[in-house]
Amino acid sequence: MIFVGDGALLRRAVTHAGRLGHPVDLVCCDDPQDAAGARHLTAPDINAHAATLAAACTDGIVWSLNNRRIFRTPLLSQGLRILNIHNGLLPRHRGLPSVAVLFALLHGEREYGATLHEVDAGIDTGRVLAEHRFPIAPDARHFQVMLRGVRACQTLFEDTLPAIASGTALTSAPAPAGPSAYYGLRALARLGDHRGHPAFTRATDLGPFAAHAPELAGAILGATSRT
């Protein structure tokens, strides 16, 4: 198995897989500590190392967790099975999880979660294989939903790892989570228009996640400081 991503979620997944005896052939991340002792590769452009990944992978499986790198044709054409754990319910919450959570709260959505899906040439458009859903409390704040989303990602990875590793089909594919929507940085351009929304304060309370989402934190600061 090859793992691609960054942060504690990736590190926990690598550690869990190794503890269960699964091969951890290579970990592609910025911080070597996130590789949890496994062979490490720093690869800002993951596609430039497509041949290296294909040669290193002993079981043909690539996991993507907390990963903002985009997989392109050079890697997608290597015959690897690339799987992403996405913080959000697909196709409803495509794009950046931090932005998707903000708009989920502004839109009054009642549930959020994590999704396991196959990676294709689109962004969060591959076939959905499994989900882990949870309700959004009426008074939930942004950082609380994000934290539950991260925990849901970890749970979903650990629950589905045995089936993916053994090639066993997952029991059933979940129903689509509403209409498709994409939340990238461009969605923040008119964030100031929502300042009067009753959920605006909750939706923009990043708490400890502010340090991990500087673009979003900057957009919120700009929206709240306008006169």
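First things first, this report covers the structure right here in the doc. (Residues numbered from 1 in each chain as written. Predicted model: local features only at pLDDT ≥ 70, side-chain atom pairs only at ≥ 80, totals over all residues. Heavy atoms only, no water.)

**Let's talk about the pattern of salt bridges**
For step 1, the next point in the chain: The full count for this structure, using the stated rule, is 11 salt bridges.
For step 2, the next point in the chain: One salt bridge connects D6 with R69, and the closest N-O pair in it is separated by 3.0 Å. Taken together, the residues D6 in the loop between β1 (2-5) and α1 (7-19) and R69 in the loop between β4 (61-65) and α3 (73-76) connect sequence positions 63 residues apart.
For step 3, the next point in the chain: Among the residues examined, R69 registers a relative accessible area of 11% and is labelled buried.
For step 4, the next point in the chain: Between E118 and R127 there is a salt bridge, with its nearest N and O atoms 3.0 Å apart.
For step 5, the next point in the chain: For E118, a relative accessible area of 21% translates into the label partly exposed.
For step 6, the next point in the chain: Among the charged side chains, a network of salt bridges with common partners joins D6, D30 and R69. (Salt bridge = Lys/Arg side-chain N within 4 Å of Asp/Glu carboxyl O. Helix = DSSP H or I, 4+ residues; strand = E, 2+ residues; numbered from the N terminus. Buried < 20%, exposed > 50% of the residue type's maximum accessible area, 1.4 Å probe, protein only.)

**A look at the environment of D139**
For step 1, the next point in the chain: When you line up the elements, D139 lands in the loop between β8 (128-135) and α5 (142-166).
For step 2, the next point in the chain: Given the relative accessible area of 54%, D139 is considered exposed.
For step 3, the next point in the chain: A sequence separation of 64 residues divides D139 from A203, and the C-alpha atoms of the two residues are 9.9 Å apart.
For step 4, the next point in the chain: If we skip the residues at most four places from it in the chain, D139 touches Q144 and R202. (Contact = heavy atoms within 4.5 Å.)

**Thoughts on the packing of helix α4 (residues 97-106) against α5**
For step 1, the next point in the chain: Packing of α4 against α5 leaves a shortest axis separation of 10 Å and a crossing angle of 125°. Regarding the angle of α4 to α5, the classification is oblique. Considering the relative orientation of α4 and α5, their crossing is right-handed. Across the interface between the two elements, P97, S98, V101, L102 and L105 of α4 pack against H142, V145 and M146 of α5.
For step 2, the next point in the chain: Counted by class, the contact of α4 with α5 contains 6 nonpolar, 2 polar and no charged residues. (Axes fitted to C-alpha atoms, helices over the stretch in contact; angles between N-to-C directions. Parallel < 35°, antiparallel > 145°, perpendicular 65-115°, else oblique. Left-handed = near helix turned anticlockwise from the far one by under 90°. Nonpolar A, V, L, I, M, F, W, Y, C, P; charged D, E, K, R; others polar.)

**Structural notes on the packing of aromatic side chains**
For step 1, the next point in the chain: Scanning the model with the defined rule gives 4 aromatic pairs in all.
For step 2, the next point in the chain: An angle of 80° between the planes, with centres 4.7 Å apart, marks the rings of W63 and F157 as edge-to-face. Of the two residues, W63 sits in strand β4 while F157 sits in helix α5, which places them 94 residues apart along the sequence.
For step 3, the next point in the chain: Summarising the aromatic geometry, the rings of F103 and Y183 are spaced 5.5 Å apart at their centres and angled 15° between planes, so their arrangement reads as stacked. Placement of the pair is F103 in helix α4 and Y183 in strand β9 (residues 182-183), with a sequence separation of 80 residues. (Phe/Tyr/Trp six-rings, centres within 6.5 Å; stacked < 30°, edge-to-face > 60°.)

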